[in-house]
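Breakdown of the fold
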Amino acid sequence: MAREAGKTLVLGGVASGKSTFAEAYFKDLDRKHYIATAQAFDAEMAEKIAVHKARRDASWMNYEAPLDLSKALKQLSPAPILVDCVSMWLSNHLLAGNDLDKEIETLTATIAQLKVPIVVVSNEVGFSPVSPNALGRQFQNAQGGLNQRLAAAMDQVFLVSAGLPVTLK
């Protein structure tokens with residue numbers, strides 16, 4: 001699949017293959033940034049993070065930005081960037097009680113100003129059932145809004161299902 005430089009959003013459900021697809025996007029480059037947003041609050045998440053790290057070779061410069069993603073994006077040297085994933089970043093802010101609208105505005109403005117290729121990974125929540133609790137519904141609504149704002153600002157958007165990418169934009 002031919003891929004362009006620029007701004008790319010990779011959407012997909014949980015365990016859909018979106019991270020693997022996104023990592024392959026820059027596979028032939030000798031130098032690239034990987035910004036991870038997950039936090040290991042339990043053994044299961046620690047294992048998932050370890051699996052993701054093990055997939056990446058030495059060409060990736062790894063950073064962690066569970067909350068201040070915009071600051072991390074602004075401080076990186078000029079090399080392509082992969083952010084995995086904004087869903088974890090958003091849930092971190094939700095659980096911290098931060099102003100989600102403000103955080104989303106700051107992030108989308110920062111991404112718009114970037115002059116290097118960037119791939120942003122995000123969970124697609126539009127196919128999910130409505131959450132039975134208020135916190136889950138708040139997250140789904142915020143995630144859907146974030147995805148829409150990012151998709152509008154990106155040059156390319158892919159939806160990954162069962163490891164297969166479908167071009168949306």
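Each remark here, short or long, concerns the structure printed above.
Figured I'd write up the structure that's included with this text. Quantities reported herein were computed from a predicted structural model and do not represent experimental measurements. (Residues numbered from 1 in each chain as written. Predicted model: local features only at pLDDT ≥ 70, side-chain atom pairs only at ≥ 80, totals over all residues. Heavy atoms only, no water.)

Some remarks on the nonpolar core
One finds Ile-35, Leu-69, Leu-73, Ile-81, Val-83, Val-86 and Val-120 to be the most contacted residues of the largest nonpolar core, which totals 30 residues. Discounting residues that sit within four places of it in the chain, Val-83 has contacts with Ile-35, Thr-37, Leu-69, Leu-73, Ile-118, Val-119, Val-120 and Val-121. Core analysis: the next-biggest nonpolar cluster, separate from the first, contains 14 residues, Phe-21, Ala-22, Tyr-34 and Val-119 among them. (Core = buried A, V, L, I, M, F, W, Y, C linked by side-chain atoms within 4.5 Å. Buried < 20%, exposed > 50% of the residue type's maximum accessible area, 1.4 Å probe, protein only. Contact = heavy atoms within 4.5 Å.)

Description of helix α1 (residues 18–25)
In terms of burial, α1 is largely enclosed, as six of its eight residues are buried. Every buried residue belonging to α1 is among Lys-18, Ser-19, Phe-21, Ala-22, Glu-23 and Tyr-25, and all of these are buried. (Helix = DSSP H or I, 4+ residues; strand = E, 2+ residues; numbered from the N terminus.)

What about the side chain of Asp-84?
Structurally, Asp-84 can be placed in strand β4 (residues 81–84). For the buried Asp-84, no salt bridge is present, and the opposite-charge side chain at shortest range is Arg-55, 5.1 Å distant. One polar contact links Asp-84 to Tyr-34, side chain to side chain, over a distance of 2.9 Å. Beyond its immediate sequence surroundings of up to four residues, Asp-84 is in contact with Ser-19, Glu-23, Tyr-34, Ile-35, Ala-36, Thr-37, His-52 and Val-121. (Lys, Arg positive; Asp, Glu negative; His and termini not counted. Salt bridge = Lys/Arg side-chain N within 4 Å of Asp/Glu carboxyl O. Polar contact = N/O pair within 3.5 Å; in protein donor to acceptor, adjacent residues only side chain to side chain.)

A look at the sheet that holds β4
What the seven strands build is an open sheet, ordered β3-β2-β4-β5-β1-β6-β7; its pairing is mixed. Two strands close off the open sheet at either side, each with one partner strand: β3 (60–64) and β7 (164–167). Each strand axis lies, on average, 20° off the axis of its neighbour in the sheet, ignoring direction. As paired strands, strand β6 (residues 156–161) and β7 are joined by four bridges and run antiparallel to one another. (Pairing = 2+ DSSP bridges. Axes fitted to C-alpha atoms, helices over the stretch in contact; angles between N-to-C directions.)

Considering helix α6 (residues 134–153)
The end-to-end C-alpha distance of α6, which contains 20 residues, comes to 29 Å, matching closely the 28 Å that a straight helix rising 1.5 Å per residue would cover. Among the structural elements, β1 (7–12), α4 (86–96), α5 (100–113) and β5 (118–123) are those in contact with the buried residues of α6. You can read the cap of α6 off the contacts: a side-chain oxygen lies 3.2 Å from the backbone nitrogen of Leu-135, and it is on Asn-133. (Expected span 1.5 Å × (residues − 1).)

Focus on the pairing of β5
Buried residues dominate β5, accounting for six of its six residues. Burial along β5 is two-sided: Ile-118, Val-120 and Ser-122 facing one way and Val-119, Val-121 and Asn-123 facing the other are all buried. As paired strands, β1 and β5 are joined by six bridges and run parallel to one another. Bridging across to β5, Gly-12 finds its partner in Asn-123. Bridge count between β4 and β5: four bridges; the pairing is parallel. By the bridge assignment for β5, Val-83 is matched with Val-120.

Describing unusual backbone geometry
The linkage connecting Asp-84 with the following residue, Cys-85, adopts the cis geometry, with an omega of -5°. Its place among the elements puts Cys-85 in the loop between β4 and α4. Unusually for a residue other than glycine, Ala-15 sits at a positive phi of about 60°. Counting through the fold element by element, Ala-15 comes out in the loop between β1 and α1. Classification of Ala-15 by relative accessible area gives exposed; the value is 77%. Positive phi is not limited to glycine here, since Ala-162 has a value of about 55°. The topology assignment puts Ala-162 in the loop between β6 and β7. Classification of Ala-162 as exposed rests on a relative accessible area of 72%.

In short, the description is geometric, and any link to function would need to be established separately.
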